[in-house]
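The residues making up each chain are set out below.
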Amino acid sequence: MNKGLDLSNYKLDIVVVAGQSNAQGNGQGSPELIYKGNKKAFELTTLHPVGYIAIKGSDGSFIYPFIHMAKDDYVYQPLNEDYHDERYNGGFYLSFADEYCKKYLKEDRHLLIVKAGSGGTGFSDGMWQKGGEPFERMMEMIDMALSLNKENKIVGFLWHQGECDIAWGKPADWYEKELVNLFNIVREKYGKFPMLAGDFSPDWALSSENLPFTSKYNTMFKELENKYELYKFVSSENLESNAKAMKSDDAIHFSRKGQFEFGLRYFDKYTKVRKQ
């Protein structure tokens, strides 16, 4: 392992961030919001992205190969924007981390964000089920983070995913069972802590093609609050996408501004769960 920083002497509050590309962080635009860093916050990540990537051919069509994790690719380093596609990308976990450090982090502790997002992955392709590479990678990263120091503890789980399964035409009730199963596996191994799931980019979700699915997923995510303990749904209403920020066709990803505001919303809901 190319472990980067040695965090074995740090007591860490651990927040796991998992899902697909919006969980990785793909926010562009608003250069004034480029992350400046936080001396109390670190990340566990991989030096190279894991997941599906889009490669455009000479005829204009795309192929989507899956990029597997390279051996010994894990690294501990200061928390920063995610680097892939030859650029830095804003993620909602950054503003969440800053708010957490201000409100909840004790003086003798530090925050570790476990970056387990994997672009284009879902339950439909088995990637977030037991045995799927992103799922097993996430569990391995959590184990690594906890094993660094006996004082380390998980304090939250931030989920953003579902676009892949909508593309596969999976209904919301099917997705709910898969998501709850993932939540249960994590809790059975690591204990109870707040779990949050975020809504989709509005520019993508409200399109005529996606709305028949996303409206039902939205209802499912909300109603899960009444069924699942220590869980909240995070609205994405009116958040900006890369399509608007960059005048592109990237409606599925939140912009850097959208991600920044999304992280504040995640933290607001996290605070409400902590009070339960």
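The structure presented is a predicted model; accordingly, all values stated were derived computationally and were not measured. (Residues numbered from 1 in each chain as written. Predicted model: local features only at pLDDT ≥ 70, side-chain atom pairs only at ≥ 80, totals over all residues. Heavy atoms only, no water.)

Enquirer: Explain the sheet that holds strand β11 (residues 153-160) to me, please; I cannot follow it from the model alone.
Expert: Within a sheet, neighbouring strands are paired by backbone hydrogen bonds and run either parallel or antiparallel to one another. Across the sheet, seven strands lie side by side as β7-β2-β10-β1-β11-β12-β13; this open sheet has mixed pairing. Two strands bound the open sheet, and with one partner strand each, they are β7 (74-78) and β13 (231-234). Ignoring which end each strand starts from, the neighbouring axes of this sheet average 20° apart. Strand direction decides the pairing type here: strand β1 (residues 12-19) and strand β10 (residues 110-115), joined by six bridges, are parallel. Opposite Leu12, over in β10, you have His110 as the bridge partner. (Pairing = 2+ DSSP bridges. Helix = DSSP H or I, 4+ residues; strand = E, 2+ residues; numbered from the N terminus. Axes fitted to C-alpha atoms, helices over the stretch in contact; angles between N-to-C directions.)

Enquirer: Any chance you could explain helix α5 (residues 172-190) here in plain terms?
Expert: Since the α-helix advances by 3.6 residues per turn, residues separated by three or four positions end up pointing in the same direction. Compared with the 27 Å implied by 1.5 Å per residue over 19 residues, the 27 Å span of α5 between its first and last C-alpha is a close match. In the core, the buried residues of α5 are packed alongside α3 (133-147), β11, α4 (163-167), β12 (195-198), α7 (211-223) and β13. Looking one or two places after α5, you find Gly191, whose phi comes out positive at around 100°. (Expected span 1.5 Å × (residues − 1). Contact = heavy atoms within 4.5 Å.)

Enquirer: Quick question: what am I supposed to make of the side chain of His253 here?
Expert: As for its placement among the helices and strands, His253 is situated in the loop between α8 (242-246) and α9 (256-274). Residue class for His253 comes out buried when judged on its relative accessible area of 13%. At a separation of 2.7 Å, a polar atom in the side chain of His253 contacts the side chain of Ser21. Beyond its immediate chain neighbours, meaning those up to four positions away, His253 contacts Ser21, Asn22, Asn26, Ser201, Ser241 and Asn242. (Buried < 20%, exposed > 50% of the residue type's maximum accessible area, 1.4 Å probe, protein only. Polar contact = N/O pair within 3.5 Å; in protein donor to acceptor, adjacent residues only side chain to side chain.)

Enquirer: How should I be thinking about the environment of Met139 in this particular structure?
Expert: By the secondary structure assignment, Met139 is in helix α3. Residue Met139 is classed as buried on the basis of its relative accessible area, which comes to 9%. Remark: the alpha-carbon pair of Met139 and Val186, spanning 47 residues in sequence, is separated by 8.1 Å. Contact partners of Met139, with chain neighbours within four places excluded, come to Ile185, Val186, Lys189 and Tyr190.

Enquirer: Would you mind showing me how to read the packing of aromatic side chains here?
Expert: Note on aromatic pairs: each is described by the distance of the centres and the angle between the planes. Following the criterion strictly, the structure yields 28 aromatic pairs and no others. For the ring pair Tyr100 and Tyr104, a centre distance of 5.6 Å and an interplane angle of 45° mean the geometry is tilted. Residue Tyr100 is classed as buried on the basis of its relative accessible area of 1%. A relative accessible area of 18% places Tyr104 in the buried class. Here the basic side chain of Arg274 rests over the ring of Tyr104, its NZ or CZ set 3.8 Å away from the ring centre. (Phe/Tyr/Trp six-rings, centres within 6.5 Å; stacked < 30°, edge-to-face > 60°. Lys NZ or Arg CZ within 6 Å of the ring centre and 35° of its normal.)

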